[in-house]
Protein chains: 2
Amino acid sequence: MSTRRDFLKTTALAGAGLAATSFMRAAEKAPIVAPQRKRTPSKDGRIRVGFIGCGFRSQEHFNNVLSFLDTRVVAICDISDFSLNMTKETFKKKGKELPKIYQGSEHEYENMLKNEEFDVVLIASPWEWHVPMSVAAMKAGVPYVGVEVSAANTMDECWDLVNTSEETGSQLMILENVCYRRDVMATLKMAREGLFGELTHCRCGYEHDLRAVKFNDGKSYSYVPGTELKMGPGAIGEAVWRTFHSIERNGDLYPTHGIGPVGNWLNINRGNRFVKLSSMATKSRGLHKFVVDNGGPNHPYADINFKLGDIVTTMIETINGETIIVTHDTNSPRPYSLGFRLQGTEGLWYNDGDTIYIEGKSKPHQWDKSADWLQKYDHTLWKKYGDAAQNAGHGGMDYIMMTDLFNAIRENKPVPLDCYDAAAWSAISALSEQSIANGGVSLDFPDFTRGKWINRKPHFALES
Amino acid sequence: MSTRRDFLKTTALAGAGLAATSFMRAAEKAPIVAPQRKRTPSKDGRIRVGFIGCGFRSQEHFNNVLSFLDTRVVAICDISDFSLNMTKETFKKKGKELPKIYQGSEHEYENMLKNEEFDVVLIASPWEWHVPMSVAAMKAGVPYVGVEVSAANTMDECWDLVNTSEETGSQLMILENVCYRRDVMATLKMAREGLFGELTHCRCGYEHDLRAVKFNDGKSYSYVPGTELKMGPGAIGEAVWRTFHSIERNGDLYPTHGIGPVGNWLNINRGNRFVKLSSMATKSRGLHKFVVDNGGPNHPYADINFKLGDIVTTMIETINGETIIVTHDTNSPRPYSLGFRLQGTEGLWYNDGDTIYIEGKSKPHQWDKSADWLQKYDHTLWKKYGDAAQNAGHGGMDYIMMTDLFNAIRENKPVPLDCYDAAAWSAISALSEQSIANGGVSLDFPDFTRGKWINRKPHFALES
């Protein structure tokens, strides 16, 4: 843990040109480093935080960030009164001074970035705004930018994140909270300690029945049977915008909760990389059925042709010879699962059913329940911050993630999950769409690191 | 149940030219019907059975077939003294008269087929002999031929099975016992009764640690640590031949235990068909590691380059818009699983973890344990024959399968799982090899029914 004094020193360094830190040594390798906007050090020594997007997701970020005593939320931005009112309530409940609010136009965030000075800006907006906002924040000289998942929708957007981070020297963090899930971190520790042997195969995905999130009555976040069925401006939450991605796109729209942890297990972009991908989608039935079941066959949405197949599966091959299956299903009735599997030459973990088998340690041909293994290999971050995390949302993984990001900021270090992770993981969306549109064709994965993966070392959540 | 008298009648019909039965009505549609070898009716009215291949697998078939009082094993054939001695023991233990034995040359089965008259011949030989033996049996005029899994290794072999069955009018049954597994049949019943809604996605595979079966000391079927490590002529069981497929081939070498049940759930070849496939394989590590771990780094097998990737995954798309994931893993340490998933617009079953969720019936977002559902939807075949099956091997599914096949023979009906099933399911092997060899390319699936899938109706294990 850095002391307050350390923090002041490193923050000062950051403001003064960001020299002589590991963070900048990484950035110096970038082909082009754009001139930084002049930044002044934080006057009260606190980390100056900005938020773009103040919806449901950001409320959890507020909870966590406001609990860090060395931070100050300087300004926030949103276009929705609903979201801003919700945010005001959150600040009030926490007894915190309300930050400056930017609202009105969709591009008001640009004014916020121009007018204010931030050490970090966190972005939790509709998917289509992630990259424009991240790029703008980096170009405005914000040294740390955190963007929600998925980070990017198209291949060009993936490259925009990488190019802008390299050019500006700003650190882009993909806010992939599942990388910090307690079981995911324990199995990462087990993998690093060789329990599973040489890794060969992983599975993951996002199997989450979001039908009642894609439609609501504009009052309740989740659709309540019997109420009106809306999407777009009349709705709230993700029903305002996310549903349109199900109408227009057929692919794995939300790969990172699954592929993030897998990326860490397999050291993607750090000695390994994705090389090939192919995807297939089932027919699209779930959303139409949901509309008809709840709104009747004459509901105006019953004529919509939802492009998104109910279940999209993607196979990925890595340059080190592992394969990965990624699943996307947000249209089917089912219990939630990220469906992790982590397998190697000496054992494997199944998330569904929660079982582990380790050759020579488990009874031959018999599963162990995971619990004992996961407890034994509990990750340092959870041992250290687990108690504080218990009070936070999403099983505490959001708290651990924010703590890890803010520790990087305090110590002026590279972000735990960077622009290459954001690009490689999010690229599955655009590539799967292309593969499906072309009959499941196998596509080459671009190397967003442009060869740097060969020498880059594992970095995420290392235990010293 | 047919009476003995019914059986005599239908057997007589079969012997006399096989007219006026549903079985022959199906065969009449075939483009060419070759002249049948003249067959005489069974003198004692019993079903005359022949066996080609008398190894470990056939011992379970002997157990079941010898328990049917209206059958008589006429002749058996094998080249291995070990297998024939094991078989003699089995007959002795059952108190049954030893049948005529054909042995000596690899082609001795041809003499057996020429010399003897059979109502059914069952083939359980190394994979590379399945098709030549099946084709020879059909061409010899045997009306029912049962072949073990996988049925065929190449695309040509798949077509050979289809063409020969169509040309000769002989019924080819693929002996896919997992189609008769109790949970698989219960979920088939659930699917047919609409519990899962419209089906969208299935998963299956063969994840069975066979390392200790691919090598042994020539005495014990499973490798015993500390003993000599052999394959080929010095070994016994599958180590004699199966291991060479792991050296020479990279693909899903054994798809039918998984895809068979899925084929029935999705009505493949009967209103539906496979249209596309692509496959990826992991690096190959498990077998080399096993050799080194048990035989040391200087063991002669340590230099072998095993082509078979440890885990092969295949994605399949059907013409009705479902997708399927098939897994093959016989090289990794792990508990056995066929990894079934059966999913539709209203619910799903997971084999791993054994959970079911049915919308509107299960508690929202919560899994039910499968047991109650599976018991409630227990299939008629199991209700009827379950007690008798309890004493048989493989959880009784072999007994149920043989009963179903022999009931078809008794009633002169089409086999439950026919040449089109054998071809379409087994084709995954050759197609996955092609896909992997070409970087995961997506391949078109041939239509082995030549358009008949459009009008063919579901047939397997129908409950009236």
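Residues numbered from 1 in each chain as written. Chains lettered and ligands numbered in written order. Predicted model: local features only at pLDDT ≥ 70, side-chain atom pairs only at ≥ 80, totals over all residues. Heavy atoms only, no water.

Q: Can you help me understand the overall build of chain A in this one?
A: Helix and strand content of chain A: 16 helices and 15 strands. The C-alpha atoms of chain A give 22 Å as radius of gyration, which agrees with the globular expectation for 464 residues (23 Å, within 12%). Here chain A, with 464 residues, has 64% of them falling under the buried criterion. Of the contacts made within chain A by residues no fewer than 6 positions apart, 73% connect residues no fewer than 24 positions apart. When the accessible surface of chain A is summed, it comes to about 17,100 Å², and 51% of that surface belongs to carbon and sulfur atoms. Taken as two groups, the 53 positive and 56 negative side-chain charges of chain A have centres that lie 5 Å from each other. (Helix = DSSP H or I, 4+ residues; strand = E, 2+ residues; numbered from the N terminus. Rg over C-alpha atoms; globule rule 2.2 N^0.38 Å. Buried < 20%, exposed > 50% of the residue type's maximum accessible area, 1.4 Å probe, protein only. Contact = heavy atoms within 4.5 Å. Areas by Shrake-Rupley, 256 points an atom, 1.4 Å probe, with all protein chains shown as cover. Lys, Arg positive; Asp, Glu negative; His and termini not counted. Charge placed at Lys NZ, Arg CZ, Asp CG, Glu CD.)

Q: In this structure, what is going on with the pattern of salt bridges? I would like to understand it.
A: Close approach of charged atoms allows side chains of opposite charge to pair. Overall, the coordinates contain 56 salt bridges over all chains when judged by the stated rule. Here Glu148 of chain A and Arg57 of chain A are joined by a salt bridge, their closest N and O atoms 3.0 Å apart. Here Glu148 of chain A, found in the loop between strand S5 (144-147) and helix H7 (155-168), pairs with Arg57 of chain A, found in helix H3 (residues 56-65); they are 91 residues apart in sequence, far enough to count as distant. According to the relative accessible area criterion, Glu148 of chain A is buried, its value standing at 5%. Salt-bridge contacts for Arg341 of chain A lead to Glu207 of chain B; the nearest nitrogen and oxygen are separated by 2.8 Å. Of the two residues, Arg341 of chain A sits in strand S11 (residues 341-344) while Glu207 of chain B sits in strand S7 (residues 199-207), which places them in two different chains. (Salt bridge = Lys/Arg side-chain N within 4 Å of Asp/Glu carboxyl O.)

Q: Which parts of the structure should I look at to understand the nonpolar core?
A: Nonpolar side chains in soluble globular proteins tend to end up buried together. Residue and element names in this part refer to chain A. Ranked by internal contacts, the top residues of the largest apolar core, which has 121 residues, are Tyr180, Ile259, Trp265, Ile324 and Phe406. Broken down by element, the residue count for this core peaks at 11 residues, all from helix H16 (residues 419-437). Lining this core are residues from two domains, each supplying at least three of them: domain 1 (25-177) and domain 2 (180-380 + 418-454). When residues no more than four places from it in sequence are discounted, the contact partners of Trp265 are Val184, Thr187, Leu188, Leu199, Cys202, Phe340, Arg341, Leu342 and Trp349. (Core = buried A, V, L, I, M, F, W, Y, C linked by side-chain atoms within 4.5 Å. Domains from an automatic or database assignment.)

Q: Would you mind showing me how to read the packing of aromatic side chains here?
A: The relative placement of two aromatic rings is captured by the distance of their centres and the angle of their planes. Here the structure, examined in full by the defined rule, presents 46 aromatic pairs over all chains. Judged by centre distance (5.9 Å) and plane angle (20°), the ring pair of Phe215 of chain B and Phe290 of chain B falls under stacked. Placement of Phe215 of chain B in the loop between helix H9 (211-214) and helix H10 (242-248) and of Phe290 of chain B in helix H12 (residues 286-295) is noted, with a sequence separation of 75 residues between them. Within the aromatic cluster, the residues linked to one another by ring pairs are Trp127, Tyr206, Trp241, Tyr254 and Tyr336 of chain A. Here the basic side chain of Arg242 of chain A rests over the ring of Tyr254 of chain A, its NZ or CZ set 4.3 Å away from the ring centre. (Phe/Tyr/Trp six-rings, centres within 6.5 Å; stacked < 30°, edge-to-face > 60°. Lys NZ or Arg CZ within 6 Å of the ring centre and 35° of its normal.)

Q: Help me understand the relation of the copies chain B and chain A, please; the structure alone is not making it clear to me.
A: Between the two copies of this chain, the relationship is a rotation about some axis together with a displacement along it. You can overlay chain B on chain A at an RMSD of 0.0 Å; the transform is a turn of 180° with a shift of 0.0 Å along its axis. The symmetry that links the two subunits is that of a two-fold axis. Taking C-alpha positions as the reference, the residue of chain B nearest the rotation axis is Gly353 of chain B, at 2.2 Å. Comparing contact sets, 100% of the residues at the interface of chain B also lie at the interface in chain A, consistent with an isologous, same-surface contact. (Least-squares fit on C-alpha atoms with pLDDT ≥ 70 in both.)

Q: Got a minute to help me understand a positive patch on the surface in this structure?
A: Residues and elements named next belong to chain A. Taken together, the side chains of Arg46, Lys93, Lys94 and Lys96 make up a positively charged region of the molecular surface. Its place among the elements puts Lys93 in helix H4 (residues 81-94). Residue classification places Lys93 among the exposed residues on the basis of a relative accessible area of 73%. (Patch = residues over 30% accessible without salt bridge, like charges linked within 9 Å, V, L, I, M, F, W, Y side chains within 5 Å.)

Q: Before we go on, may I ask you to explain the sheet that holds S5 of chain A in this structure?
A: Think of a sheet as strands paired side by side through backbone hydrogen bonds, with each pair either parallel or antiparallel. Residues and elements named next belong to chain A. Strand order in the open sheet made by the six strands is S3-S2-S1-S4-S5-S6, with parallel pairing throughout. Looking at which strands have only one partner, the edges of the open sheet turn out to be strand S3 (100-102) and strand S6 (171-174). Strand after strand, the sheet turns through a mean of 20° between neighbouring axes, direction not considered. Bridge count between strand S1 (residues 47-52) and strand S2 (residues 71-77): six bridges; the pairing is parallel. (Pairing = 2+ DSSP bridges. Axes fitted to C-alpha atoms, helices over the stretch in contact; angles between N-to-C directions.)

Q: So what exactly am I meant to see when it comes to helix H8 (residues 182-192) of chain B here?
A: Residues spaced three or four apart along an α-helix point in a common direction, a consequence of the helix completing one turn every 3.6 residues. Residue and element names in this part refer to chain B. Counting buried positions along H8 gives nine out of 11 residues, so the element sits mostly inside the fold. Listing the buried residues of H8 in full gives Asp183, Val184, Met185, Ala186, Thr187, Leu188, Lys189, Met190 and Ala191. Looking at the residues trailing H8, positive phi occurs at Gly194, about 85°.

Q: For this particular structure, what's the right way to read the environment of Phe306 of chain B?
A: All names here are of chain B. Position of Phe306 among the secondary structure elements: in the loop between H12 and strand S9 (312-318). The exposure class of Phe306 is buried, given its relative accessible area of 4%. Those residues in contact with Phe306 that lie beyond four places of it in its chain are Phe215, Ser246, Ile247, Ser284, Leu287, His288, Val291 and Tyr301.

Q: Any chance you could explain the state of the cysteines here in plain terms?
A: Disulfides are covalent bonds that connect the sulfur atoms of two cysteines. This model, assessed by the stated rule, comprises zero disulfides over all chains. Looking at Cys179 of chain A, it has no disulfide partner, and the nearest cysteine sulfur is the one in Cys204 of chain A, 11 Å off. (Disulfide = S-S within 2.5 Å.)

Q: I'm lost on the sheet that holds strand S6 (residues 171-174) of chain B in this one. Help?
A: Residue and element names in this part refer to chain B. Ordered by their spatial adjacency, six strands build an open sheet running S3-S2-S1-S4-S5-S6, and the pairing between neighbours is parallel. Of all strands in the sheet, those with a lone pairing partner are strand S3 (100-102) and S6, marking the two edges. When strand polarity is set aside, the average angle formed by the axes of neighbouring strands in this sheet is 20°. The pairing of strand S5 (residues 144-147) with S6 spans four bridges and is parallel. In the sheet register, Val147 faces S6, and the bridge partner there is Ile174. Strands in contact with helix H6 (residues 127-139) are strand S1 (47-52), strand S4 (120-123), S5 and S6; relative to S5, the strand with the most contacts, it is inclined by about 175°.

Q: Is there a simple way to think about empty space enclosed by the protein in this case?
A: To find the voids left in a structure, one rolls a probe of water-molecule size over its atoms. The tally for this structure, following the rule as stated, stands at nine cavities of 30 Å³ or more. Taken as a whole, the largest cavity holds about 320 Å³ of empty space. If you go around the largest cavity, you meet 25 residues; those closest to its centre are Arg203, Arg341 and Asp352 of chain A together with Arg203 and Arg341 of chain B. The residue makeup of the lining of the largest cavity, split by class, is nine nonpolar, eight polar and eight charged. Computed from the structure, the second largest cavity encloses a volume of approximately 80 Å³. Considered class by class, the residues forming the lining of the second largest cavity number four nonpolar, four polar and three charged. (1 Å grid on protein atoms, 1.4 Å probe; cavity = no way out; pocket = protein on both sides within 12 Å on 5 of 7 lines; lining within 4 Å. Points joined across faces, edges and corners; volume = space filled by probe spheres on them. Nonpolar A, V, L, I, M, F, W, Y, C, P; charged D, E, K, R; others polar.)

Q: Looking at this model, I keep getting lost on the domain arrangement of chain A. Mind explaining?
A: Many structure descriptions define interface size as the accessible area lost when the parts assemble. Residue and element names in this part refer to chain A. The domains assigned to chain A are domain 1 (25-177) and domain 2 (180-380 + 418-454). Taking the mean C-alpha position of each, domain 1 and domain 2 sit 25 Å from one another. Taken together, the 24 residues of domain 1 in the interface contact 34 residues of domain 2. Overall, the association of domain 1 and domain 2 removes approximately 2,500 Å² of surface from exposure, summing both partners, and the carbon and sulfur fraction of that is 67%. When the buried area of domain 1 at its contact with domain 2 is split by residue, Trp127, Met155 and Glu176 rank highest and sum to 25% of it. Remark: the boundary between domain 1 and domain 2 carries two salt bridges. Inspection of the domain 1/domain 2 interface yields 12 residue pairs in polar contact (both at pLDDT 80 or more). Contributing elements (two or more residues each) for the side of domain 1 that touches domain 2: helix H6 (127-139), H7 and S6. (Buried area = accessible area lost by both parts, 1.4 Å probe. Polar contact = N/O pair within 3.5 Å; in protein donor to acceptor, adjacent residues only side chain to side chain.)

Q: Sorry if this is basic, but what is going on with the pairing of S6 of chain A here?
A: Taken residue by residue, a regular strand's side chains alternate between the two faces of the sheet. Alternating residues of S6 of chain A divide into Gln171 and Met173 of chain A and Leu172 and Ile174 of chain A, and every residue in both groups is buried. For the handedness criterion, the β-α-β arrangement of S5 of chain A, H7 of chain A and S6 of chain A is classed as right-handed. (Right-handed = clockwise from strand over helix to strand, strands pointing away.)

Q: Can you walk me through the environment of Thr87 of chain A in this structure?
A: Structurally, the position occupied by Thr87 of chain A is in helix H4. Once you skip the residues sitting within four places of it in the chain, Thr87 of chain A turns out to touch Cys54, Gln59, Phe62 and Ile76 of chain A.

Q: Looking at this model, I keep getting lost on the interface of chain B and chain A. Mind explaining?
A: At the interface, 55 residues of chain B touch 55 residues of chain A. Summing both sides of the interface, chain B and chain A together bury roughly 4,400 Å²; the carbon and sulfur share of this comes to 57%. Our count for the contact surface shared by chain B and chain A stands at 12 salt bridges. Between the two partners, chain B and chain A, sit 26 residue pairs in polar contact (both at pLDDT 80 or more). Where the side of chain B that touches chain A is concerned, the elements lending two or more residues are S7, strand S8 (274-281), S9, strand S10 (323-329), strand S11 (341-344) and strand S12 (347-350) of chain B. With six residues, the top contributor of residues to the side of chain B that touches chain A is S8 of chain B. Among the residues making up the side of chain B that touches chain A, the classes are represented as 15 nonpolar, 22 polar and 18 charged.

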